[in-house]
Amino acid sequence: GLVGSEMCIRDSTQMMGIYPPGSLVRLNTMEFAITRRAQPQALLLPEIKIIMDASGAIMEKPLIIDLSDEEQNSAKRGIEEVVDPAQMNIDILPYL
C-alpha cells in the first residue's frame, strides 16, 4: 500500500541520496562536480569530485570533498543544480 511505497522511497533516498552517485552538479562557486557518495545524515551534502573550476577549465587533479564535513568544505560549497553532462559536453565516465 501507500505506507509501504513511502517507506521504499525513503529508504531509496537515504541509500542513494537526493543526488545519486554519478550526477553532474553545478556548485554555488560555479565549479562543476560529480557526486560520489550520499551522506545519510546530510542528504543534500554528498561527497563530490570537483572536475571543472569556476573558469570552466577541467581540473588536472579533481578535488574530492565531503560537503557535509565543515573542515573539508571550508569554502561553504553547495549544490545549485543537477546538470545534463551532454549539454556541457562532458564525459563523466572517466571520473567515476
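Scroll up a little and you will see the structure.
A short tour of the structure in this document, coming up.

## Describing the pairing of strand β3 (residues 47-52)
Part 1: With respect to burial, β3 is a largely interior element, six of its six residues being buried.
Part 2: Direction of pairing for strand β2 (residues 32-37) relative to β3: antiparallel, over a ladder of five bridges. Each residue of the ladder has a partner; that of R37, found in β3, is E47.
Part 3: Of the strand pairs in this sheet, β3 and strand β4 (residues 58-66) are connected by five bridges, and their pairing is antiparallel. Following the sheet pairing, I48 is matched in β4 by I65.

## Observations concerning the pairing of strand β1 (residues 24-27)
For a regular strand, side chains alternate in direction, first toward one face of the sheet and then toward the other.
Part 1: Burial along β1 is two-sided: L24 and R26 and V25 and L27, pointing in opposite directions, are all buried.
Part 2: Direction of pairing for β1 relative to β2: antiparallel, over a ladder of three bridges. Along β2, the bridge assignment pairs R26 with F32.
Part 3: Counting the residues that bridge the hairpin from β1 to β2 gives four residues, and of these M30 lies at a positive phi of roughly 70°.
Part 4: Sheet topology places β1 next to strand β5 (residues 79-83); four bridges connect them, and they run antiparallel. Bridge pairing links L24 to V83 in β5.

Rules used throughout
Residues numbered from 1 in each chain as written. Predicted model: local features only at pLDDT ≥ 70, side-chain atom pairs only at ≥ 80, totals over all residues. Heavy atoms only, no water. Buried < 20%, exposed > 50% of the residue type's maximum accessible area, 1.4 Å probe, protein only. Helix = DSSP H or I, 4+ residues; strand = E, 2+ residues; numbered from the N terminus. Pairing = 2+ DSSP bridges.

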